[in-house]
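# Architecture and fold: a report
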Amino acid sequence: MYSFFKRERLLLTLLVLFGLFFGILGAVLKYAAPQEDKSAPAIAYGFRALHDSAAKKAKSQSQAQTNAPEADPDAAPAQEPAPAPEDDSPFRTVDESYFSDALFIGDARVDGLRLYAPFDGADYFCSTEMTLTDCMDVKIPVEGRGETTLPQLLSHRRYGKIYISLGINEMGYDLDYLTNQFDTVFEALREAEPDAIIYIMANLHVTKSYADAEAIFQSDRVDELNRRFGEYADGLHSFYIDENEIFDDSEGYLVSSYTEDETLLSGKYYKLWADFLCRNAVE
């Protein structure tokens with residue numbers, strides 16, 4: 001009970017002080033008001049001052065919002081976003097017209113490209129048994145060119161791009177020997193076509209079951225040969241591309257469902273290889 005009366009006295013005291021404050025404020029404002037506006041009691045002037053102050057603040061905020069310029073959707077942002085990091089890869093996606101001045105050199109795998117996913121205008125110097133050892137000497141038929149050797153073919157047409165994939169038919173040889181053979185062929189191509197882009201295509205892997213039966217085709221051995229050949233890519237005029245990334249299983253061997261003989265791609269999968277070449281071209 002005592003606490004209740006104590007709170008009541010405190011509240012009454014605050015109300016008295018509140019009334020005195022607005023009474024004094026109103027008296028001052030009433031004294032300063034124009035003569036024709038002094039009919040109201042003094043305390044009313046105090047409450048009017050409080051009301052006018054709040055109204056003035058609200059009006060000021062409303063005017064600020066009204067006068068603010070509308071956002072221009074076409075205006076450039078105050079600060080340009082940071083540029084996206086540049087793609088360091090030299091490879092870009094091209095359409096099939098890119099290959100109209102290309103020469104493909106290779107064994108049965110490259111011959112599969114010719115048969116199942118050819119590029120219009122490209123020449124294909126390839127055969128099932130072609131090797132690095134004999135590719136500069138053997139004479140084979142080339143569509144639209146007749147029977148020809150590789151040097152003869154190079155002397156009769158200018159090529160902007162040369163694709164080469166050889167070595168898998170010679171996996172029984174020492175890798176140093178094959179590297180020396182590749183060096184000879186690569187230098188001959190560069191001499192014949194100094195302005196061409198040379199693409200060194202990786203040798204495709206075989207299936208794991210085939211490699212288990214024929215150890216010379218184990219993927220780590222094929223990868224080592226590919227790595228050696230890839231060192232001839234300078235990143236300016238010659239480039240290494242590894243299509244195994246689209247044909248390998250989780251163990252790094254040719255996916256068994258992609259082949260019928262465990263070494264060569266089935267016909268319908270050469271389109272995947274052609275698409276890969278389109279995505280990995282240098283302008």
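Residues numbered from 1 in each chain as written. Predicted model: local features only at pLDDT ≥ 70, side-chain atom pairs only at ≥ 80, totals over all residues. Heavy atoms only, no water.

### As for the overall build of the protein
- A count of helices and strands for the protein gives eight helices and seven strands.
- Within the protein, buried positions represent 39% of all 283 residues.
- The long-range fraction of contacts in the protein, counting pairs at least 24 apart against all pairs at least 6 apart in sequence, stands at 65%.
- Carbon and sulfur atoms form 55% of the exposed surface of the protein, whose accessible area is close to 16900 Å². (Helix = DSSP H or I, 4+ residues; strand = E, 2+ residues; numbered from the N terminus. Buried < 20%, exposed > 50% of the residue type's maximum accessible area, 1.4 Å probe, protein only. Contact = heavy atoms within 4.5 Å. Areas by Shrake-Rupley, 256 points an atom, 1.4 Å probe, with all protein chains shown as cover.)

### A word on the side chain of Thr 179
- With respect to the helices, strands and loops of the structure, Thr 179 is situated in helix H5 (residues 175–192).
- By relative accessible area, which is 14% here, Thr 179 ends up buried.
- In contact with Thr 179, other than residues within four places in its own chain, are Arg 228, Phe 229 and Tyr 232.

### Focus on the environment of Ile 164
- Locating Ile 164 in the fold gives a position in strand E5 (residues 161–165).
- Residues Ile 164 and Cys 126 lie 38 residues apart in sequence; the distance between their C-alpha atoms is 9.6 Å.
- Apart from the residues lying within four places of it in its own chain, the contact partners of Ile 164 are Ile 105, Phe 182, Val 185, Leu 189, Tyr 199, Ile 200 and Met 201.

### A look at the pairing of strand E2 (residues 123–126)
- Of the two faces of E2, both are covered, the one formed by Asp 123 and Phe 125 as well as the one formed by Tyr 124 and Cys 126.
- Pairing analysis gives four bridges linking strand E1 (residues 102–106) to E2, with the strands arranged parallel. Residue pairing in the sheet places Leu 103 in a bridge with Asp 123 of E2.
- Regarding topology, helix H3 (residues 108–116) serves as the crossover connection from E1 to the parallel E2, and that connection is right-handed. (Pairing = 2+ DSSP bridges. Right-handed = clockwise from strand over helix to strand, strands pointing away.)

### Observations regarding the sheet that holds E1
- Read from one edge to the other, the open sheet built from five strands follows the order E2-E1-E5-E6-E7, with strand pairing classed as parallel. Taken across any chain shown, the strands that pair with only one partner, and hence form the sheet edges, are E2 and strand E7 (238–241). Mean inter-strand twist for the sheet, computed between neighbouring axes without regard to direction, equals 15°.
- Sheet topology places strand E6 (residues 197–201) next to E7; four bridges connect them, and they run parallel. Along E7, the bridge assignment pairs Ile 198 with Ser 238. (Axes fitted to C-alpha atoms, helices over the stretch in contact; angles between N-to-C directions.)

### Focus: the packing of H3 against helix H8 (residues 270–279)
- Contact geometry for H3 and H8: axes closest at 9 Å, N-to-C directions at 95°. In terms of their interaxial angle, H3 and H8 are classed as roughly perpendicular. On H8, the residues that touch Ala 108, Arg 109, Val 110, Gly 112, Leu 113 and Tyr 116 of H3 are Tyr 270, Trp 273, Ala 274 and Leu 277.
- Grouping the amino acids of the contact of H3 with H8 by side-chain chemistry returns eight nonpolar, one polar and one charged. (Parallel < 35°, antiparallel > 145°, perpendicular 65-115°, else oblique. Nonpolar A, V, L, I, M, F, W, Y, C, P; charged D, E, K, R; others polar.)

### Some points on the pairing of E5
- In terms of residue burial, E5 counts as a mostly covered element, since five of its five residues are buried.
- Across the two faces of E5 the burial is the same, with Lys 161, Tyr 163 and Ser 165 and Ile 162 and Ile 164 all buried.
- Judged from the five bridges that link them, E1 and E5 form a sheet pairing that is parallel. Its bridge partner being in E5, Phe 104 is matched across the sheet by Tyr 163.
- Note: E5 against E6, four bridges, orientation parallel. Bridging across to E6, Tyr 163 finds its partner in Tyr 199.
- Of the crossover connections in this fold, the one passing from E5 over H5 to the parallel E6 is right-handed.

Geometric values such as these leave the question of function open.
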